[in-house]
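Overview (structure and organization)
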There are 2 protein chains.
Amino acid sequence: MDKIKQNTLHGEVAVRIRDMIDAGTLTPGSRVPEKQLCEQFGVSRTPLREALKVLASEGFVELLPNRGARISKLTIDTLQHTLEVMSALEGLSGELACAHISESELASVEALHYQMLAYYKNANMAEYLLANQKIHEAIVVASRNDVLIDVYKNLNQRVRRVRFSAELSKEYWAKAVQDHEDIITALRRRDGVTLGQILRRHLSDKVEVSYLAEMAEAKSLS
Amino acid sequence: MDKIKQNTLHGEVAVRIRDMIDAGTLTPGSRVPEKQLCEQFGVSRTPLREALKVLASEGFVELLPNRGARISKLTIDTLQHTLEVMSALEGLSGELACAHISESELASVEALHYQMLAYYKNANMAEYLLANQKIHEAIVVASRNDVLIDVYKNLNQRVRRVRFSAELSKEYWAKAVQDHEDIITALRRRDGVTLGQILRRHLSDKVEVSYLAEMAEAKSLS
DNA sequence: ATTTTATATTTTGAATTCAATCTTTACTGT
DNA sequence: ACAGTAAAGATTGAATTCAAAATATAAAAT
């Protein structure tokens with residue numbers, strides 16, 4: 001399962017651009033400055049433009065005829081739709097993870113869980129979200145399904161920016177933490193059916209999604 | 001939901017290469033003849049290579065350092081994994097479709113269903129598979145979730161070649177047809193929970209998947 | 001005759017070039 | 001001053017070019 005380092009030039013460029021979008025260096029709606037990025041990366045326009053085509057097919061940028069690439073905005077609908085799909089994928093992950101997860105993987109998920117609880121108690125949302133993210137990724141990885149892992153990571157990266165920027169409501173946060181208790185319990189019992197069910201609805205709180213989207217709008221992240 | 005015709009040159013080239021893979025003109029494991037395709041399409045290497053990078057990120061080709069692109073082989077594991085993910089996505093589609101499908105959409109799914117049954121009775125597998133495919137796509141489209149539609153179609157295209165090449169066993173075929181009766185019933189009742197359940201396990205017959213993969217191997221399609 | 005080595009040819013990856021289109025700036029007329 | 005227009009400049013899309021690497025071909029040695 002070690003990822004094959006493709007190490008193509010355009011691939012490297014794509015990674016760096018994705019990171020810049022994630023970090024907010026490149027903002028949604030803005031034009032991608034080809035020349036500037038070429039200089040910054042020390043490459044010609046050829047590999048940069050190849051990277052842009054790939055990023056366009058992944059949804060990170062949009063290509064406008066004769067006016068280059070723009071960083072995609074994330075609409076409320078697309079956010080909603082993406083989270084719905086991620087929920088379904090996490091549901092499947094839960095079922096598969098229960099069948100495949102090793103003791104050591106389980107132990108590290110548990111460790112992350114307790115870390116996350118500590119952050120919750122201290123109301124440290126940034127660290128909470130990070131630990132939370134890692135738990136979900138660990139479960140997806142434990143599915144041992146490479147296609148699933150790949151698709152999930154791609155979708156996750158598309159919405160990460162918004163998810164990390166917004167603040168959770170008190171109620172939603174409490175509910176999410178309770179869900180996580182149930183997640184760990186089901187995982188320990190290798191109860192795939194239950195874990196699948198929990199994960200399928202864990203992300204999909206529509207009210208919270210709208211709220212997230214509004215926050216993002218306000219911060220013009222989308 | 002009309003697809004935005006991006007109509008970029010590299011996009012057109014990508015479509016044509018995907019179709020050639022689908023049609024068997026380009027065979028798994030073989031090298032992609034850049035020069036020849038350029039002449040055939042009447043474009044320079046620049047847009048062709050851009051298309052190849054996109055196809056690589058979608059999994060249709062693999063890029064080997066200093067030796068260009070090869071058409072990807074579909075391993076048994078990848079086929080299995082892809083069908084698992086598609087099942088999960090169809091499950092979600094079922095739930096959403098029940099909430100969103102219009103009467104006219106339902107009518108056209110029903111029409112396809114009866115067509116498909118006729119092909120089954122005549123043991124016309126090729127036409128059966130085509131109608132079957134259309135039904136599943138119609139349900140996915142009825143979900144009204146653009147991200148879902150997009151991811152599903154992408155995965156479907158990756159495995160279509162193999163799925164259409166192999167023959168179904170008598171038992172599996174009968175079971176699939178029975179599933180389809182239940183699918184239509186649930187859809188008519190707008191019973192999303194049931195439809196979701198059926199669709200989540202409809203594709204995932206592991207024995208059949210192995211069989212499919214073997215057939216594909218024998219025909220060296222994968 | 002078969003393997004090895006050397007040379008020629010092709011293919012690849014990435015930079016460069018060039019025409020077409022877009023954007024900005026400067027100018028004109030009201 | 002301001003709207004409209006023309007010219008200059010910048011950016012884009014795609015073809016071309018060029019060095020490096022891989023493959024094929026031919027010659028030499030065992």
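The structure reproduced in this document is the subject of the present report. As the structure is a prediction and not an experimental result, all values here were calculated from the model.

**Observations concerning the overall build of chain A**
- When helices and strands are counted, chain A shows ten helices and two strands.
- Listed N to C, the secondary structure of chain A is α-α-α-β-β-α-α-α-α-α-α-α in terms of helices and strands.
- The globule rule puts the C-alpha radius of gyration for 222 residues at 17 Å, and the 19 Å found for chain A is close to it.
- Taken along its principal axes, the extent of the C-alpha atoms in chain A is 55 × 40 × 30 Å.
- Within chain A, residue pairs in contact and separated by at least 24 positions form 74% of the contacts whose partners lie at least 6 positions apart.
- Between the centroid of the 29 positive side chains of chain A and the centroid of its 30 negative side chains there is a distance of 5 Å.

**Examining the environment of A:Ala186**
Residues and elements named next belong to chain A.
- For Ala186, the location among the structural elements is in helix H8 (residues 170-188).
- Taking the relative accessible area as the measure of exposure, Ala186 reaches 4% and is therefore buried.
- Residues Ala186 and Ala176, ten residues apart in the sequence, show an inter-C-alpha distance of 15 Å.
- Ala186 has contacts with Cys98, Asp191, Thr194 and Leu195, leaving out every residue within four places of it along the chain.

**So, the packing of helix H4 (residues 76-100) of chain B against helix H7 (residues 146-165) of chain B**
Residue and element names in this part refer to chain B.
- Close contact between H4 and H7 brings their axes to 10 Å; oriented N to C, the two are set at 140°. Here H4 lies oblique to H7, going by the angle between them. Judged by the sense of rotation from one axis to the other, the crossing of H4 with H7 is left-handed. Across the interface between the two elements, Leu79, Thr82, Leu83, Val85, Met86, Leu89, Glu90, Leu92, Ser93 and Leu96 from H4 touch Leu148, Val151, Tyr152, Leu155, Asn156, Val159, Val162 and Arg163 from H7.
- Of the residues belonging to the contact of H4 with H7, the class tally is 13 nonpolar, three polar and two charged.

**Some words on the packing of aromatic side chains**
- Under the defined criterion, the tally for this structure stands at five aromatic pairs over all chains.
- Between the aromatic rings of A:Tyr128 and A:Trp173, the centroid separation amounts to 5.0 Å while the plane-to-plane angle is 70°, which identifies the pairing as edge-to-face. With A:Tyr128 in helix H6 (residues 125-142) and A:Trp173 in helix H8, this pair connects stretches of sequence that are 45 residues apart. As far as burial versus exposure is concerned, A:Tyr128 and A:Trp173 are alike and both buried.
- Centre to centre, the rings of B:Tyr120 and B:Trp173 are 5.1 Å apart; their planes meet at 70°, and the pair counts as edge-to-face. Taken together, the residues span a long stretch of sequence, with B:Tyr120 in helix H5 (residues 103-121) and B:Trp173 in helix H8 (residues 170-188) at a distance of 53 residues.
- With a relative accessible area of 8%, B:Trp173 lands in the buried category.
- The rings of A:Tyr120, A:Tyr128 and A:Trp173 are connected pair by pair, giving a single aromatic cluster.

Cut-off values and rules
- Residues numbered from 1 in each chain as written.
- Chains lettered and ligands numbered in written order.
- Predicted model: local features only at pLDDT ≥ 70, side-chain atom pairs only at ≥ 80, totals over all residues.
- Heavy atoms only, no water.
- Helix = DSSP H or I, 4+ residues; strand = E, 2+ residues; numbered from the N terminus.
- Rg over C-alpha atoms; globule rule 2.2 N^0.38 Å.
- Contact = heavy atoms within 4.5 Å.
- Lys, Arg positive; Asp, Glu negative; His and termini not counted.
- Charge placed at Lys NZ, Arg CZ, Asp CG, Glu CD.
- Buried < 20%, exposed > 50% of the residue type's maximum accessible area, 1.4 Å probe, protein only.
- Axes fitted to C-alpha atoms, helices over the stretch in contact; angles between N-to-C directions.
- Parallel < 35°, antiparallel > 145°, perpendicular 65-115°, else oblique.
- Left-handed = near helix turned anticlockwise from the far one by under 90°.
- Nonpolar A, V, L, I, M, F, W, Y, C, P; charged D, E, K, R; others polar.
- Phe/Tyr/Trp six-rings, centres within 6.5 Å; stacked < 30°, edge-to-face > 60°.

Purely spatial values, then, with no claim about function.
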